[in-house]
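Given next are the chains, with one letter for each unit.
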Amino acid sequence: MADLSVKYLGLDLKTPLIAASSGLTDNIDNLKRFEKHGAGAVVLKSLFEEEIRIEKEAALSKMGSSGFIYPETMEFYDYNDAADQESTFRYLDLVAEAKKKIHIPVIPSINCVTAEQWTDFPKQLQDAGADAIELNIFIIPSDLKRTKEDNEKVYFDIIKEVKRQVTIPVSLKISFYFSDLAIMMKKLSESGIAGLVMFNRFYSPDFDIDTMEVTAASVLSSPGDFSQSLRWISIMRDHVSCDLASSGGVHDGNTLIKMILAGANAVQIASAFYKNGIDYGDEIISSLQDWMKKNKYKNIDEFRSLMSQHQTNNPAVFQRVQFMKYFRGHK
Ligand SMILES: Cc1cc2nc3c(=O)[nH]c(=O)nc-3n(C[C@H](O)[C@H](O)[C@H](O)COP(=O)(O)O)c2cc1C
């Protein structure tokens, strides 16, 4: 059997497969199952900044301008202050309990858009035993009064504040909504974070044209959705000074292998587990094992980044967006 172990954020993972933050990673039973079925680490369902804040009024007024992501966010409107506190206690309990019950790294996640008020929470997560913290920051750049500099500054403010508090590794899950995506990712990788997760998936609006209501587009990704992450991991692999994890559209072992070839240190998966169940991890891991055996790779390092932009025989293809030849031939 090939050695599937990898280092991610300085942590030892028995496989590169990570159960991404989602509703599936919010309870001990599922976390145990992820461990049993091949996950090398788990990222817990995010606690939202609003849940951490005690001053709910301030939080709600900020939400209007910050464009939130998952439907769960809406639950906050029903929370009272006591419930806010309760959810943070519950979350800390989940971290502590997970550390007792499973043996793979446990990475809590915070969904945040400001560096204010909530930022003593990372220290509490560290004290509860967290192996690392993933920050899920997403600011939709739609506010015409905020410049790109205003929006970008928030990321660095949050990282600085969190890093001030904790010694455990901090990773950052980002979107691709930056006007200078490559420059921003490079700068972020030099800001003290241990890893970049590319990319987060948003709650996206859709319209019902019969009822004229705004509805939610599919929450789950499809197998074709992996290319954004593949492209950017390949492009950035040789330019960033931190680990990279892919997130988005990995639905099978082959796509996980592609992400590692592009340069990913680890691969996060959510939707495929919703669609196929948590034990689907076994199938992904055995595809990886089979492929490594077939290609005579003994460990993951032997093939990681072999297809990063710099290493491929056709680097220009990653930057090409207008496939003239391709579209002409596509009848
Ligand atoms: C139902 C659902 C809930 C999610 N909740 C969170 C969350 O709380 N925090 C977070 O950072 N990402 C969350 N995500 C995003 C996933 O972690 C992942 O980044 C995204 O779904 C892309 O990966 P996938 O294509 O494998 O699903 C959620 C995804 C789904 C499908």
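Just above, that's the structure.
For every chain, the first residue of the written sequence is number 1, and numbering continues from 1 onward in sequence order. The model is predicted, so local features are restricted to residues of pLDDT at least 70 and side-chain atom pairs to those at 80 or more, both for listing and for counting; the totals for chains, interfaces and linings are taken over all residues. Think of the side-chain values as coming from all heavy atoms in the structure, minus any hydrogens and water.

### Comments concerning the overall build of the chain
Phase 1: Check the secondary structure of the chain and you find twelve helices and 14 strands.
Phase 2: Only protein chains enter the area calculation, which uses a 1.4 Å probe; residues under 20% of their type maximum are buried, those over 50% are exposed, and those in between are partly exposed. Residues classed as buried in the chain amount to 52% of the 331 residues present.
Phase 3: Taking as baseline every contact in the chain between residues at least 6 positions apart, the subset at least 24 positions apart corresponds to 70%. A run of H or I in DSSP becomes a helix once it reaches four residues, and a run of E becomes a strand once it reaches two; helices and strands are each numbered from the N terminus. Contacts are residue-level and defined by heavy atoms, with any inter-residue pair within 4.5 Å sufficient.

### Considerations on helix 11 (residues 280-294)
Phase 1: A helix is expected to span 1.5 Å multiplied by its residue count minus one. Relative to the 21 Å expected for 15 residues at 1.5 Å per residue, helix 11 spans 21 Å between its end C-alpha atoms, a close match to the ideal helical length.
Phase 2: Close packing links the buried residues of helix 11 with strand 3 (17-19), helix 9 (253-262), strand 14 (266-269) and helix 10 (271-276).

### As for the pairing of strand 12 (residues 213-216)
Phase 1: Sheet analysis places strand 11 (residues 205-208) next to strand 12, joined by four bridges and oriented antiparallel. Bridging from a neighbouring strand, Asp206 pairs with Thr215 of strand 12.
Phase 2: For two strands to count as paired, DSSP must find a minimum of two bridges between them. Hairpin connection of strand 11 to strand 12: four residues between the antiparallel strands, including Met212 at a positive phi of 60 degrees.

### Some points on the packing of aromatic side chains
Phase 1: Side-chain rings of Phe, Tyr and Trp (the six-membered ring for Trp) are treated as a pair once their centres are within 6.5 Å; stacked means planes under 30 degrees apart, edge-to-face means over 60, and tilted covers the remaining angles. Inspection of the entire model under this criterion finds nine aromatic pairs.
Phase 2: Arranged with centres 6.4 Å apart and planes meeting at 45 degrees, the rings of Tyr91 and Phe121 form a pair that is tilted. One end of the pair, Tyr91, is in helix 4 (residues 81-101); the other, Phe121, is in helix 5 (residues 121-127), and 30 residues separate them in sequence.
Phase 3: A relative accessible area of 6% means that Tyr91 is categorised as buried.
Phase 4: Consider the rings of Tyr297 and Phe303, whose centres lie 5.1 Å apart with planes at 35 degrees: the pair is tilted.
Phase 5: Aromatic ring contacts, followed pair by pair, group Phe138, Phe176, Tyr177 and Phe199 into a single cluster.

### So, the sheet that holds strand 14
Phase 1: Spatially, 5-7-8-9-10-13-14-3-4-6 is the arrangement adopted by the ten strands of the open sheet, whose pairing is parallel. Each edge of the open sheet carries a strand with a single partner, namely strand 5 (47-48) and strand 6 (106-107).
Phase 2: Bridge count for strand 13 (residues 243-247) against strand 14 is three bridges, and the pairing is parallel. Bridge pairing in strand 14 links Ser247 to Gln268.
Phase 3: Across the sheet, helix 6 (residues 148-165) is in contact with strand 7 (109-112), strand 8 (133-137) and strand 9 (170-174); its angle to strand 9 comes to roughly 160 degrees.
Phase 4: Axis lines are fitted through C-alpha atoms, for helices just across the contact stretch, and the angle between N-to-C directions can take any value from 0 to 180 degrees. Lying on the sheet, helix 8 (residues 227-236) is in contact with strand 10 (195-198) and strand 13; it crosses strand 13 at an angle near 170 degrees.

### Section: a negative patch on the surface
Phase 1: The grouping of Asp252, Asp279, Asp282 and Glu283 at the surface amounts to a negative patch.
Phase 2: Assignment of secondary structure puts Asp279 in the loop between helix 10 and helix 11.
Phase 3: Asp279 gets classed as partly exposed once you look at its relative accessible area, which sits at 40%. Two distance rules govern patches: like charges are joined within 9 Å, and nonpolar side chains (Val, Leu, Ile, Met, Phe, Trp, Tyr) within 5 Å, applied only to residues with over 30% relative accessible area and no salt bridge. Only the protein chains shown count as covering a residue, and every accessible area follows the Shrake-Rupley method with a 1.4 Å probe. By definition, a salt bridge exists where a carboxyl oxygen of Asp or Glu is found within 4 Å of a side-chain nitrogen of Lys or Arg. Charge assignment in this entry is limited to Lys and Arg as positive and Asp and Glu as negative, and neither His nor the chain termini are counted. Just so you know, the charge point we use is NZ for Lys, CZ for Arg, CG for Asp and CD for Glu.

### Here's the deal with the site of the ligand
Phase 1: Near residues are defined by distance, with any heavy atom within 4 Å of the molecule or strand qualifying the residue. Around the ligand, 21 residues are found, and the nearest of them are Ser21, Ser46, Ser221, Ser247 and Ser271.
Phase 2: Think of a polar contact as two N or O atoms within 3.5 Å of one another; within protein, one of them needs to be a possible hydrogen donor and the other a possible acceptor, and neighboring residues in sequence only count if both atoms come from side chains. The side chain of Asn136 places a nitrogen or oxygen atom 2.8 Å from an oxygen atom of the ligand.
Phase 3: Calculation on the ligand without its partners gives an accessible area of 600 Å², and the protein chains cover 97% of this total.
Phase 4: Each residue is assigned to one of three groups, with Ala, Val, Leu, Ile, Met, Phe, Trp, Tyr, Cys and Pro labelled nonpolar, Asp, Glu, Lys and Arg labelled charged, and all others, Gly among them, labelled polar. Here the residues of the shell around the ligand sort into eight nonpolar, nine polar and four charged.

### Section: a nonpolar patch on the surface
Phase 1: A cluster of nonpolar residues, Phe207, Ile209 and Val214, forms a patch on the protein surface that exposes about 390 Å² of accessible area.
Phase 2: We classify Val214 as exposed; its relative accessible area is 58%.

### Concerning the nonpolar core
Phase 1: Grouping buried Ala, Val, Leu, Ile, Met, Phe, Trp, Tyr and Cys residues that are joined through side-chain atoms within 4.5 Å yields what is termed a nonpolar core. If you look at the biggest cluster of nonpolar residues, it comprises 94 residues, and the most contacted ones within it are Leu135 and Leu172.
Phase 2: Once residues lying within four places of it in the same chain are set aside, the contact partners of Leu172 are Leu135, Ile137, Tyr155, Ile159, Leu188, Ile193, Gly195, Leu196 and Val197.

### Examining the pattern of salt bridges
Phase 1: Counted according to the given criterion, the structure contains 13 salt bridges.
Phase 2: Residue Lys99 is joined to Asp131 by a salt bridge in which the shortest nitrogen-to-oxygen separation is 2.9 Å. Here Lys99 is found in helix 4, whereas its partner Asp131 is found in the loop between helix 5 and strand 8, with 32 residues between them in sequence.
Phase 3: When its relative accessible area of 18% is taken as the criterion, Asp131 is described as buried.
Phase 4: Among the charged side chains, a salt-bridge network with shared partners connects Glu97, Lys100 and Lys101.

### Quick word on helix 1 (residues 28-36)
Phase 1: Listing the buried residues of helix 1 in full gives Ile28, Asn30, Leu31, Phe34 and Glu35. Down the axis of helix 1, the sector holding all buried residues measures 160 degrees, keeping them to one side. Seen from the buried face of helix 1, the exposed residues on the opposite side, beyond 90 degrees, are Asp29 and Lys36.
Phase 2: With a side-chain oxygen lying 3.3 Å from the backbone nitrogen of Asp29, the N-terminal cap of helix 1 falls on Asn27.
Phase 3: Count one or two residues on from helix 1 and you reach Gly38, which has phi positive near 100 degrees. Working definition: the arc comes from the directions between the helix axis and the C-beta atoms, pointing outward to the latter.

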